[in-house]
Amino acid sequence: MTRTVIPELLDHLPAGDPDALRSRRDLQRINRLMGNERWILRMLERYRENAQHGIDEVGAGDGGLCKQVARVFPNFRISAYDLAPAPTMLDPRITWHQGDLFTQSPP
(Lines give C-alpha, C1' and ligand atoms only; values in the text may rest on other atoms or scores of the structure.)
Protein backbone atom coordinates (compact mmCIF):
# COMPACT_ATOMS: atom_id res chain seq x y z
CA MET A 1 0.00 0.00 0.00
CA THR A 2 1.44 3.40 -1.02
CA ARG A 3 0.91 6.41 1.19
CA THR A 4 -0.15 9.56 -0.63
CA VAL A 5 0.07 12.96 1.07
CA ILE A 6 -2.31 15.51 -0.42
CA PRO A 7 -1.59 19.13 0.58
CA GLU A 8 -4.46 21.14 1.99
CA LEU A 9 -5.62 24.29 0.21
CA LEU A 10 -4.38 26.24 3.24
CA ASP A 11 -0.85 24.97 2.55
CA HIS A 12 -0.75 26.86 -0.76
CA LEU A 13 -1.93 30.23 0.52
CA PRO A 14 0.34 32.94 1.92
CA ALA A 15 -0.01 33.18 5.72
CA GLY A 16 -1.65 36.62 5.54
CA ASP A 17 -4.12 35.77 2.76
CA PRO A 18 -7.74 36.51 3.84
CA ASP A 19 -8.79 32.94 2.96
CA ALA A 20 -5.94 31.52 5.06
CA LEU A 21 -6.85 33.75 8.02
CA ARG A 22 -10.52 32.76 7.73
CA SER A 23 -9.55 29.08 7.51
CA ARG A 24 -7.41 29.29 10.65
CA ARG A 25 -10.24 30.99 12.55
CA ASP A 26 -12.57 28.18 11.46
CA LEU A 27 -10.04 25.58 12.64
CA GLN A 28 -9.74 27.34 16.01
CA ARG A 29 -13.52 27.31 16.38
CA ILE A 30 -13.79 23.62 15.48
CA ASN A 31 -10.95 22.66 17.82
CA ARG A 32 -12.54 24.63 20.67
CA LEU A 33 -15.96 22.99 20.09
CA MET A 34 -14.42 19.52 19.97
CA GLY A 35 -12.28 20.16 23.06
CA ASN A 36 -9.11 19.12 21.26
CA GLU A 37 -6.79 21.43 23.19
CA ARG A 38 -8.19 20.35 26.57
CA TRP A 39 -7.84 16.69 25.61
CA ILE A 40 -4.24 17.15 24.45
CA LEU A 41 -3.30 18.98 27.66
CA ARG A 42 -4.87 16.17 29.73
CA MET A 43 -2.91 13.55 27.78
CA LEU A 44 0.33 15.48 28.24
CA GLU A 45 -0.36 15.59 31.97
CA ARG A 46 -1.18 11.88 32.04
CA TYR A 47 2.02 11.02 30.17
CA ARG A 48 4.11 13.79 31.74
CA GLU A 49 7.15 11.53 32.16
CA ASN A 50 7.33 10.97 28.39
CA ALA A 51 6.28 14.51 27.46
CA GLN A 52 9.04 16.09 29.55
CA HIS A 53 11.53 14.80 26.95
CA GLY A 54 10.01 17.22 24.44
CA ILE A 55 6.83 17.95 22.55
CA ASP A 56 6.64 18.40 18.78
CA GLU A 57 3.57 19.82 17.08
CA VAL A 58 3.29 19.15 13.36
CA GLY A 59 1.02 21.56 11.50
CA ALA A 60 1.23 24.15 14.28
CA GLY A 61 -0.69 26.78 12.29
CA ASP A 62 -1.09 29.90 14.40
CA GLY A 63 0.85 28.45 17.34
CA GLY A 64 -2.15 28.52 19.69
CA LEU A 65 -1.73 24.98 20.99
CA CYS A 66 2.03 25.40 21.47
CA LYS A 67 1.41 28.59 23.44
CA GLN A 68 -1.01 26.75 25.76
CA VAL A 69 1.40 23.85 26.21
CA ALA A 70 4.22 26.29 27.06
CA ARG A 71 1.96 28.00 29.61
CA VAL A 72 0.91 24.75 31.31
CA PHE A 73 4.29 22.99 31.04
CA PRO A 74 6.87 25.79 31.28
CA ASN A 75 9.87 23.46 31.61
CA PHE A 76 9.16 21.26 28.57
CA ARG A 77 11.00 21.62 25.26
CA ILE A 78 8.45 22.51 22.58
CA SER A 79 9.05 22.48 18.83
CA ALA A 80 6.48 23.57 16.26
CA TYR A 81 6.50 22.71 12.56
CA ASP A 82 4.45 24.46 9.90
CA LEU A 83 4.67 25.79 6.36
CA ALA A 84 3.63 29.21 7.69
CA PRO A 85 6.10 31.59 9.33
CA ALA A 86 6.26 31.80 13.11
CA PRO A 87 3.36 33.77 14.57
CA THR A 88 4.02 37.09 16.25
CA MET A 89 4.47 37.12 20.01
CA LEU A 90 5.49 33.46 20.08
CA ASP A 91 6.72 32.27 23.46
CA PRO A 92 10.54 32.25 23.29
CA ARG A 93 10.55 28.72 24.73
CA ILE A 94 8.94 27.44 21.52
CA THR A 95 11.28 26.57 18.65
CA TRP A 96 9.53 27.23 15.32
CA HIS A 97 10.53 25.29 12.20
CA GLN A 98 9.10 26.75 9.02
CA GLY A 99 8.93 24.64 5.89
CA ASP A 100 8.02 21.23 4.62
CA LEU A 101 8.68 18.73 7.38
CA PHE A 102 9.39 15.98 4.86
CA THR A 103 12.27 17.90 3.29
CA GLN A 104 13.96 19.03 6.52
CA SER A 105 16.77 17.35 8.38
CA PRO A 106 15.88 16.10 11.85
CA PRO A 107 16.64 18.67 14.58
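Here the residue numbers are simple positions, counted from 1 along each chain's written sequence. This being a predicted model, a pLDDT of at least 70 is required before a residue's local features are given, and a value of 80 or more before pairs of side-chain atoms are given or counted; all residues contribute to the totals for chains, interfaces and linings. Think of the side-chain values as coming from all heavy atoms in the structure, minus any hydrogens and water.

1. Structural notes on the packing of aromatic side chains
Stacked, edge-to-face and tilted labels apply to pairs of Phe, Tyr and Trp rings (six-membered ring for Trp) whose centres lie within 6.5 Å, assigned for plane angles under 30 degrees, over 60, and everything in between, in that order. What the rule picks out here adds up to one aromatic pair. Ring centres 4.8 Å apart and planes at 15 degrees place the aromatic pair F73 and F76 in the stacked group. Per-residue accessibility, obtained with a 1.4 Å probe over protein chains only, is compared with the maximum for each type, and a residue is labelled buried under 20%, exposed over 50%, and partly exposed between these values. Residue class for F73 comes out buried when judged on its relative accessible area of 2%.

2. Overview of the pairing of strand β1 (residues 55-58)
Think of it this way: any DSSP run of H or I at least four residues long counts as a helix, any run of E at least two long counts as a strand, and we number them from the N terminus. Across the two faces of β1 the burial differs, with I55 and E57 buried and D56 and V58 not buried at all. As defined by bridge partners, β1 adjoins strand β2 (residues 78-82) across four bridges and the pair is classed as parallel. By the bridge assignment, D56 is partnered in β2 with S79. Two strands qualify as a pair provided that DSSP identifies no fewer than 2 bridges between them.

3. Notes on unusual backbone geometry
For M89, which is not glycine, the phi dihedral falls at a positive 60 degrees. Residue placement: M89 occurs in the loop between β2 and β3 (94-98).

4. Describing the pattern of salt bridges
Opposite charge on two side chains allows them to pair when their charged atoms are near. Definition used for salt bridges: Asp or Glu carboxyl oxygen within 4 Å of a side-chain nitrogen of Lys or Arg. Following the criterion strictly, the structure yields five salt bridges and no others. The shortest N-O distance in the salt bridge between R77 and D56 comes to 3.3 Å. Note that R77 is positioned in the loop between α4 (64-72) and β2 and D56 in strand β1, a separation of 21 residues in sequence. Ionic pairing is found between R93 and D91, a salt bridge with its closest N-O pair at 2.6 Å.

5. Regarding a nonpolar patch on the surface
A surface patch of nonpolar side chains, amounting to about 390 Å² of accessible area, comprises V5, V58, L101 and F102. Mapped onto the fold, F102 is located in the segment after β3. Two distance rules govern patches: like charges are joined within 9 Å, and nonpolar side chains (Val, Leu, Ile, Met, Phe, Trp, Tyr) within 5 Å, applied only to residues with over 30% relative accessible area and no salt bridge. Only the protein chains shown count as cover for residues, and all accessible areas are computed by the Shrake-Rupley method using a 1.4 Å probe.

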